[in-house]
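Chain residues, written in single-letter form:
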Amino acid sequence: MRLIQLDGVAGRRTGVVDAGKIRLLRSYPSVYALTQAALTAGEALTKTAADDVGDDAIDYEEVYRGQSPWRILTPIDHPAEPSRCLVSGTGLSHIRSAANRQAMHAAGEQITDSMRMYQWGVEGGRPEPGKVGASPEWFYKGTGTSLRAHNQPLDVPPYAEDGGEEPEIAGVYVIDASGRPRRVGMTAGNEFSDHVFEKRSYLYLASSKIRTCAIGPELVLDPDFRLVNGEVAIERGGEAVWRKAIHTGEEVMCHSLANLEHHHFKFEAHRRPGDVHVHFFGADAFSFGEGVRLQAGDVMQVQFEGFGRPLRNPLRVLQSESELMTVRGI
């Protein structure tokens, strides 16, 4: 089952994707509200959604292309408090990602900390059930205010040196009333980072990640994450200037999903009841690693088999001067 969130003249709605139609739910205006209802009832999310599908349906193609009064939202959010959605990710989970990072920072034949961390994942990232494996890289992206939906621009702010796509799948979670993380599903994503700034020093990686990012347009409630094939493309002036097959899933990652989830949710601060988490699982390839520099107006497209329609976002370069931030006392 795949869910989608919409906004229109009558307000927000949640729908189930059914081929070329979006079948609207009757009772739940957000996926978050739907998850809370399922948790309260103690039933599967797919059942709660299926039981609430109404008679109203709208044409998906028109909505997807932006030719409808309905607008696609991110497939998950915290509607009341965006700050209670934590956006984060795991890097160095795919060999090509680690190789790209190695090429950015290596001096001669030196093995970088990035490649060393990837190797730790190869050696200990897939522990036996019930065991704790090697800790992966973890980074912070921002709160729910950093998330963008299908067709919304991803911004290169004035203080940034670049902006580039990172095609990934993200896990979506809510924390239940007892403080236990519950996986809602997964969604296609563009983690989007400042690779030029990061290349100066791997110690800049943390701040290179604090940028807008995109997820959607659909949330898959029952995904098969063993091996997921996909494609990423960069369009300029309506033509593809770069295209690459991509692969993700547990079969091509050095960490198991269970190990990634353990190391994210082992922190007490990540288990606050009612919070939402969006966690990116790493990229297999991105254009910067092959020498492509994106320009204003380029469209980044990410698609994974089984995850619905492609996620498309234009690149927007904000032209204003970088403002000197000053702090005053109270």
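Residues numbered from 1 in each chain as written. Predicted model: local features only at pLDDT ≥ 70, side-chain atom pairs only at ≥ 80, totals over all residues. Heavy atoms only, no water.

(A) Focus on the sheet that holds strand β13 (residues 228–236). Strands sit in the order β9-β17-β16-β13-β14 across an open sheet of 5 strands; the sheet is mixed. Whereas interior strands pair on both sides, the edge strands pair on one side only; in this sheet they are β9 (154–156) and β14 (239–248). Across the sheet, the axes of successive neighbouring strands diverge by a mean angle of 20°, strand direction being ignored. In the sheet, β13 pairs with strand β16 (residues 299–304) via 6 bridges, with the strands oriented antiparallel. For G230, the partnering residue across the bridge sits in β16 and is F304. (Pairing = 2+ DSSP bridges. Helix = DSSP H or I, 4+ residues; strand = E, 2+ residues; numbered from the N terminus. Axes fitted to C-alpha atoms, helices over the stretch in contact; angles between N-to-C directions.)

(B) Representation of the packing of helix α1 (residues 31–41) against helix α2 (residues 45–52) in the model. Between α1 and α2, the shortest axis-to-axis distance is 9 Å and the interhelical angle comes to 115°. Relative to α2, the element α1 lies roughly perpendicular. Where α1 crosses over α2, the two elements pack in a sense that is right-handed. From α1, L34, T35, A37 and A38 reach across to α2, where they touch L45, T48 and A49. Split by residue class, the contact of α1 with α2 holds 5 nonpolar, 2 polar and no charged. (Parallel < 35°, antiparallel > 145°, perpendicular 65-115°, else oblique. Left-handed = near helix turned anticlockwise from the far one by under 90°. Contact = heavy atoms within 4.5 Å. Nonpolar A, V, L, I, M, F, W, Y, C, P; charged D, E, K, R; others polar.)

(C) Geometry of the environment of R271. Along the chain, the position of R271 falls in the loop between α8 (257–265) and β15 (276–280). Separated by 240 residues in sequence, R271 and V31 have C-alpha atoms that sit 19 Å apart. Non-local contacts of R271, meaning those with residues more than four positions away in its chain, are made with I175, G179, P181, F265 and K266.

(D) The arrangement of α8 in detail. Taking burial as the measure, the 9 residues of α8 include 7 buried ones, the bulk of the element. Those residues of α8 that sit buried are L257, N259, L260, E261, H263, H264 and F265. Each element contacted by the buried residues of α8 is listed here: β6 (85–89), β10 (167–175), β11 (181–190) and β15. (Buried < 20%, exposed > 50% of the residue type's maximum accessible area, 1.4 Å probe, protein only.)

(E) Representation of the environment of V232 within the structure. If you trace the backbone, V232 turns up in strand β13. Looking at V232, the relative accessible area reads 0%, which means it is buried. Sequence-wise, V232 and K244 are 12 residues apart; in three dimensions their C-alpha atoms are separated by 5.5 Å. Contacts of V232, omitting those with residues within four sequence positions, involve E165, P167, W242, R243, K244, I246, Q301 and V302.

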